[in-house]
Amino acid sequence: MDPELLERITARRAELDELEDQLAKQLAEVRAERDELAVAERVFERVSEQMADERVSATSVPAQVGGRAVMLIPHRTSDVEENVLPPDYQRILAAVRQAAGPIMARQVGEMLGVDVNIRSKLEPLRGKLVRLVDRGWLRKLPDGRFTTRL
């Protein structure tokens, strides 16, 4: 056999082996990224579902009082007094007013004696704060802090 031909075959085999190694690494990277995307997609779906559930629970469902539908957390207007709010919402408003300035939900929880280290205790409070914002009783700043309306 021709030594030059044998040398070319050996060189080509080395090139193909190197290419195979590169492609194997790329394939491993692609598979790892696909796995990460699958996890991210599942997390996104769960968070989206949770946010949808929170939005549904944040919208006030009219209650029946004397056979008439009323909102438990009414919109703030000039003719609606704070004392129409449920007592826990009145305490939240008082805590926000007592703060020296804009306040985070965690700080409101601490003022009200809520165990803020337990998410299942803090998130309902955050939902109530947001509900008060939606109804015009409080303001939420872009940084997530809450303050009283002017």
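All values derive from a computational prediction rather than experimental measurement. (Residues numbered from 1 in each chain as written. Predicted model: local features only at pLDDT ≥ 70, side-chain atom pairs only at ≥ 80, totals over all residues. Heavy atoms only, no water.)

Peer 1: Explanation requested: the packing of helix H2 (residues 87–98) against helix H4 (residues 119–134) in the structure shown.
Peer 2: Two measures define how a pair of helices packs: the angle their axes make with one another and the distance between the axes. The geometry of H2 relative to H4 is characterised by a closest axis approach of 11 Å and an angle of 80° between their N-to-C directions. Classified by the interaxial angle, the pair formed by H2 and H4 is roughly perpendicular. Contacts between H2 and H4 involve Asp 88, Tyr 89, Ile 92, Leu 93 and Val 96 from the first element and Leu 125, Lys 128, Leu 129, Arg 131 and Leu 132 from the second. Counted by class, the contact of H2 with H4 contains seven nonpolar, no polar and three charged residues. (Axes fitted to C-alpha atoms, helices over the stretch in contact; angles between N-to-C directions. Helix = DSSP H or I, 4+ residues; strand = E, 2+ residues; numbered from the N terminus. Parallel < 35°, antiparallel > 145°, perpendicular 65-115°, else oblique. Contact = heavy atoms within 4.5 Å. Nonpolar A, V, L, I, M, F, W, Y, C, P; charged D, E, K, R; others polar.)

Peer 1: In this structure, what is going on with H4? I would like to understand it.
Peer 2: One full turn of an α-helix is made of 3.6 residues, so residues set three or four places apart face in the same direction. Taking 1.5 Å as the rise per residue, H4 with 16 residues should run 22 Å; its terminal C-alpha atoms sit 22 Å apart, in good agreement. Taken as a whole, H4 has its buried residues at Leu 122, Leu 125, Leu 129, Arg 131 and Leu 132. In the segment just after H4, Gly 136 is the residue with positive phi, at about 90°. (Expected span 1.5 Å × (residues − 1). Buried < 20%, exposed > 50% of the residue type's maximum accessible area, 1.4 Å probe, protein only.)

Peer 1: Teacher, can you tell me more about the nonpolar core here?
Peer 2: Among soluble globular proteins, nonpolar side chains are generally buried collectively. Leu 85, Val 108, Leu 129 and Leu 132 are the most contacted members of the largest nonpolar core, which totals 19 residues. Listing elements by their share of this core, those giving two or more residues are H2, helix H3 (105–112) and H4. Broken down by element, the residue count for this core peaks at five residues, all from H2. In contact with Val 108, other than residues within four places in its own chain, are Ile 92, Ala 95, Val 96, Ile 103, Leu 125 and Leu 129. (Core = buried A, V, L, I, M, F, W, Y, C linked by side-chain atoms within 4.5 Å.)

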